[in-house]
Amino acid sequence: MAKKLTRSKIVKKLDTIFSQYIRKKNSDHGKATCFTCGKIDEWKKLQCGHFQSRRHYSTRWSESNCQVQCAGCNVFKYGEQFKFGLELDKKFGEGTAENLHIKAQKQVKFQNFELLEMIKYYQNKFDELK
């Protein structure tokens, strides 16, 4: 009998496949560009940066909230949130950053089955990119 996944393991698995999808989707021939500084590297070496923090479940797995970032911007420069917001508005239209900020303030509680459905969804989307 398969061991039941804990909620934290389900979230971690979703984070992993979602991150791979975001980075691969935004790559070209295996290379991706940092959303905030323009550094180019292999998609596997870059990170999935979040405009609104991952602690906000309402935007944690939002494709517009998440873009490719280098470790320098995402970790050492705390996500370069101001630049990130400006770039979001350029890419998706004026007001995108503000709308994500508002959406992030809303409390969301996903059930485990919903998270598992998202894992399947993003795994399929990732597999289609190969």
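Going by the structure above, here's the rest.
Residues numbered from 1 in each chain as written. Predicted model: local features only at pLDDT ≥ 70, side-chain atom pairs only at ≥ 80, totals over all residues. Heavy atoms only, no water.

(A) Structural view of the packing of aromatic side chains. Enumeration over the complete set of coordinates arrives at eight aromatic pairs. Relative to tyrosine 122, the ring of tyrosine 21 lies with its centre 5.4 Å away and its plane at 45 degrees, an arrangement referred to as tilted. With tyrosine 21 in helix H1 (residues 7-25) and tyrosine 122 in helix H6 (residues 112-129), this pair connects stretches of sequence that are 101 residues apart. This pair shows no difference in class: tyrosine 21 is buried, exactly as tyrosine 122 is. Among the aromatic residues, those joined into a ring-pair cluster are Phe18, Tyr21, Tyr121 and Tyr122. (Phe/Tyr/Trp six-rings, centres within 6.5 Å; stacked < 30°, edge-to-face > 60°. Helix = DSSP H or I, 4+ residues; strand = E, 2+ residues; numbered from the N terminus. Buried < 20%, exposed > 50% of the residue type's maximum accessible area, 1.4 Å probe, protein only.)

(B) Broad picture of the packing of H1 against H6. It is at 9 Å that the axes of H1 and H6 come closest, and there the two elements cross at 25 degrees. One way to sum up the angle between H1 and H6 is to call them roughly parallel. Remark: the crossing between H1 and H6 carries left-handed chirality. Along the contact surface, H1 presents Arg7, Ile10, Val11, Lys13, Leu14, Ile17, Phe18, Gln20, Tyr21, Lys24 and Lys25, while H6 presents Asn112, Leu115, Leu116, Met118, Ile119, Tyr122, Gln123, Lys125, Phe126 and Leu129. Of the residues assigned to the contact of H1 with H6, the class counts are 13 nonpolar, three polar and five charged. (Axes fitted to C-alpha atoms, helices over the stretch in contact; angles between N-to-C directions. Parallel < 35°, antiparallel > 145°, perpendicular 65-115°, else oblique. Left-handed = near helix turned anticlockwise from the far one by under 90°. Contact = heavy atoms within 4.5 Å. Nonpolar A, V, L, I, M, F, W, Y, C, P; charged D, E, K, R; others polar.)

(C) Highlighting unusual backbone geometry. Even without being a glycine, histidine 29 presents a positive backbone phi close to 55 degrees. Residue position: histidine 29 is located in the loop between strand E1 (27-28) and strand E2 (31-33). Given the relative accessible area of 81%, histidine 29 is considered exposed. Non-glycine residue glutamate 80 carries a positive phi angle of around 45 degrees. The topology assignment puts glutamate 80 in the loop between helix H3 (71-76) and helix H4 (81-92). Its relative accessible area of 17% is what places glutamate 80 among the buried residues.

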